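Notes for the structure review
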Amino acid sequence: MSANPSEPVQRIGVPREIFPGEKRVATVPDAVEKLIKLGFVVAVESGAGEAANFSDDAYRAAGAEIIEGAAALWAAADIVLKVRPPSSDEVALLREGGTLIGFVWPAQNPELMQQLADRKATVLAIDCLPRTLSRAQKMDALTSMAGVSGYRAVIEAANAFGRYFNGQITAAGKVPPAKVFIAGAGVAGLAAIGTAANLGAIVRANDTRAEVADQVKSLGGEFVKVDYEEEGSGGGGYAKVMSEGFQAAQRQMYAQQAREADIIITTALIPGKPAPKLITAEMVQSMKPGSVIVDMAAEQGGNCELTVPGEAVVRHGVTIVGYTDLASRLSKQSSTLYATNLLRLTEELCKAKNGQALVNMEDDAIRGLTVVKNGEITWPAPPLKAAPVPAPKPAAAPVEQKKSGHGHGSGAPMSGKSLAVIFAVAAVLFWFIGAYAPAAFLGHFTVFVLACFIGYMVVWNVTPALHTPLMSVTNAISSIIAIGALVQIAPPNAGINGRPDSLILWLAFAALVLTAVNMFGGFAVTRRMLAMFRK
């Protein structure tokens, strides 16, 4: 692919997906408008978006050409955007030297890789994106589709379960909440945990990676730990294959959860490898009649021994859902997310916005995606270069803490004896003031001391993170200052001819101005802060 400004702009083609039951489409009308702004011409096969509720008229309104027939679309396109890997017939339609972007799964499809290389094609496999790169997250279609699939898995489970997820107390009796166990807390598992918890179920989850425990808890689930110490983090954000000892302890834990759970959702899958068998036939038999298993790894053989890929079957009174098209069952949402991922990738390929895509093999993200370049198979990509480790900063000299006579550091709480001494000194000071100060001053001084104490307890004794929410409270204290200033400006019998001295007058006026700024400004800031949390 060239980036020569003298060359004509390239045409992006979006064919209809021919895989049985696939309802997604590689781009949507909103993304078409943005692709055109990058300088490309966009062509869509007639009917490509119908299954996802995107009509040809919607694509036309966004500026896309509508082409009848797959052969004409593939022949006209310089760059083809797809969801599923192309079939052999589709590869034959690809223009020689053309570009294909979509899911390819090169490890599982070596014959397809060779066919694409024979067409002198350039292929960017969205499933090969280096997911550990933070800048690549906007192009991460695997994460987008896994999130949709996890949500849909809970919907399918609720449909097959036949009972409420949340507990209820009605006139007809008490309904207990459903107990949901989720095996695997990756993207799909976390999406399922959040959805099931929001529906009111009691959610438990397990994963070989101990670091996801906090994520499970933050979504309302309970993390169930295997009684076996072994680190389960693998490369690329996936879990690794565990040892036989860990798997034995894991099976024992799964057996217990199977007896207690109403719904089990399994998500354990490592790309390029068969799905591990987590739920045995004996575990299924131990489950309560009417329970449900949703096996999200069914396409790779399934995590349950009794799963039938693509079907929902009943075994031992338990419904086992093995659908392989969960993301496609939310076709409009998944198509929109997938189209956004491909749009972000296209932006990286066409930074000049001149309608010409350039595959930069020096870019780590693009290099990882590129599995075939001008007919040469470039998969697998070389390992990513490790980021340079910053030089450690020189350790600062330890600061010696001042210690009190009782050995407490500067941040240590004050001892009871020290506190008693301070109160004794304060009591003597107040007695001295009360004995020699005028009576009028004593009343004002008492109010001043109480105001200082209240201010300290309300503001300064509170953690700084809560200072902004307390603005409304401190405004009420500021209003006391305003009332005092007004009294000083216009007292009934003070100063000369009922007016205060000029110094007191100006001080009271300044107090009024500053208090007004604090009050109105504080309420304005608090109002804006609260608006941030409103949907």
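So, here is what we can say about the structure in this document. (Residues numbered from 1 in each chain as written. Predicted model: local features only at pLDDT ≥ 70, side-chain atom pairs only at ≥ 80, totals over all residues. Heavy atoms only, no water.)

The next point concerns the sheet that holds strand β5 (residues 99–102). Backbone hydrogen bonds hold the strands of a sheet together, and the pairing may be parallel or antiparallel. Pairing is mixed in the open sheet, where 8 strands are placed in the order β3-β2-β1-β4-β5-β6-β16-β17. Pairing within the sheet leaves two strands with one partner each, and these edge strands are β3 (65–67) and β17 (376–377). As paired strands, β5 and strand β6 (residues 122–125) are joined by 4 bridges and run parallel to one another. Counted as the bridge partner of Ile101 is Leu124 from β6. Seen against the sheet, helix α11 (residues 331–349) touches β1 (11–14), β4 (79–81), β5 and β6 and runs at an angle of roughly 140° to β5. (Pairing = 2+ DSSP bridges. Helix = DSSP H or I, 4+ residues; strand = E, 2+ residues; numbered from the N terminus. Contact = heavy atoms within 4.5 Å. Axes fitted to C-alpha atoms, helices over the stretch in contact; angles between N-to-C directions.)

A grouping of Trp506, Phe509, Val513 and Val517 is seen on the molecular surface, where their side chains present a nonpolar patch of about 450 Å² in accessible area. Within the secondary structure, Phe509 sits in helix α16 (residues 502–531). (Patch = residues over 30% accessible without salt bridge, like charges linked within 9 Å, V, L, I, M, F, W, Y side chains within 5 Å. Areas by Shrake-Rupley, 256 points an atom, 1.4 Å probe, with all protein chains shown as cover. Salt bridge = Lys/Arg side-chain N within 4 Å of Asp/Glu carboxyl O.)

All right, on to the packing of aromatic side chains then. With the rule as written, the count across this model stands at 6 aromatic pairs. On the basis of an interplanar angle of 85° and a centroid distance of 6.3 Å, the ring pair of Phe161 and Phe165 is categorised as edge-to-face. The exposure classification of Phe161 matches that of Phe165, with both residues buried. Aromatic side chains Phe181 and Tyr254 sit 5.5 Å apart centroid to centroid with 70° between the ring planes, which places their arrangement in the edge-to-face category. Of this pair, Phe181 sits in strand β9 (residues 179–183) while Tyr254 sits in helix α9 (residues 244–260); the two residues are 73 residues apart in sequence, bridging distant segments of the chain. (Phe/Tyr/Trp six-rings, centres within 6.5 Å; stacked < 30°, edge-to-face > 60°. Buried < 20%, exposed > 50% of the residue type's maximum accessible area, 1.4 Å probe, protein only.)

An order of β11-β10-β9-β12-β13-β15-β14 is seen for the 7 strands of this open sheet, with the pairing classed as mixed. Each having just a single partner strand, β11 (222–223) and β14 (312–315) make up the two edges of the open sheet. Where β9 meets strand β10 (residues 202–206), 5 bridges bridge the pair, whose relative direction is parallel. From the neighbouring strand, Phe181 faces β10, where its bridge partner is Arg204. Relative to strand β13 (residues 292–295), helix α6 (residues 141–161) is tilted by about 155°, and along the sheet it contacts β12 (263–266), β13 and β15 (318–321).

What the rule picks out here adds up to 22 salt bridges. As a salt-bridge pair, Arg135 and Glu348 come within 2.8 Å of each other at their nearest N and O atoms. Placement of the pair is Arg135 in the loop between β6 and α6 and Glu348 in helix α11, with a sequence separation of 213 residues. Relative accessible area serves as the criterion here: at 35%, Arg135 is assigned to the partly exposed category. We note a salt bridge from Arg204 to Glu260, for which the minimum N-O separation is 2.7 Å.

Here the focus is the packing of α6 against α11. Where α6 meets α11, the closest approach of the two axes is 9 Å, and the angle between their N-to-C directions is 170°. Between α6 and α11, the angle falls in the class roughly antiparallel. Handedness of the crossing formed by α6 with α11: right-handed. Within the contact between the two elements, α6 uses Ala141, Ser144, Met145 and Val148 and α11 uses Gln333, Ser334, Leu337, Tyr338 and Asn341. Of the residues that constitute the contact of α6 with α11, the class distribution is 5 nonpolar, 4 polar and no charged. (Parallel < 35°, antiparallel > 145°, perpendicular 65-115°, else oblique. Left-handed = near helix turned anticlockwise from the far one by under 90°. Nonpolar A, V, L, I, M, F, W, Y, C, P; charged D, E, K, R; others polar.)

Our next topic: the pairing of strand β2 (residues 41–45). The buried fraction of β2 amounts to 4 of the 5 residues, a majority that puts the element mostly inside the structure. As judged from the 4 bridges shared by β1 and β2, these two strands associate in the parallel manner. By the bridge assignment for β2, Gly13 is matched with Ala43. Tracing the backbone out of β1, into helix α1 (residues 29–37) and back to the parallel element β2 gives a crossover that is right-handed. In this sheet, β3 lies alongside β2 in parallel orientation, the contact comprising 3 bridges. (Right-handed = clockwise from strand over helix to strand, strands pointing away.)

Two strands pair when backbone bridges link them, and β1 and β4 are joined in this way by 2 bridges, in the parallel orientation. Among the inter-strand pairings, Gly13 is bridged to a residue of β4, identified as Val80.

On to empty space enclosed by the protein, then. Tallied over the entire structure, the rule returns 1 cavity of 30 Å³ or more. One number sums up the size of the largest cavity: a volume of about 50 Å³. Lys179, Val180, Phe181, Ile202, Arg204, Gln257, Glu260 and Ala261 together form the lining of the largest cavity. Contributing elements (two or more residues each) for the lining of the largest cavity: β9, β10 and α9. Counting residues per element, the lining of the largest cavity draws most heavily on β9, at 3 residues. Here the lining of the largest cavity is composed, by residue class, of 4 nonpolar, 1 polar and 3 charged. (1 Å grid on protein atoms, 1.4 Å probe; cavity = no way out; pocket = protein on both sides within 12 Å on 5 of 7 lines; lining within 4 Å. Points joined across faces, edges and corners; volume = space filled by probe spheres on them.)

Right, let's get into the side chain of Ser46. Checked against the element boundaries, Ser46 lands in the loop between β2 and α2 (56–62). Of the polar contacts made by the side chain of Ser46, one reaches the side chain of Asp56; its length is 2.8 Å. There is a polar contact of 3.4 Å between the side chain of Ser46 and the side chain of Glu68. Setting aside residues up to four positions removed in sequence, Ser46 forms contacts with Arg16, Asp56, Ile66, Ile67 and Glu68. (Polar contact = N/O pair within 3.5 Å; in protein donor to acceptor, adjacent residues only side chain to side chain.)

Judged by nonpolar contacts, the single largest core of 46 residues is most densely connected at Leu81, Ile101, Ile126, Tyr338, Leu345 and Leu349. Counting residues per element, the ones that place at least two in this core are β1, α1, β2, α2, β4, α6, α11 and α12 (364–369). Ranked by the residues each element gives to this core, the list is headed by α11, at 6 residues. Counting residues in each nonpolar core, the second largest holds 30 residues, with Ala146, Ile193, Ala201 and Ile265 among its members. (Core = buried A, V, L, I, M, F, W, Y, C linked by side-chain atoms within 4.5 Å.)

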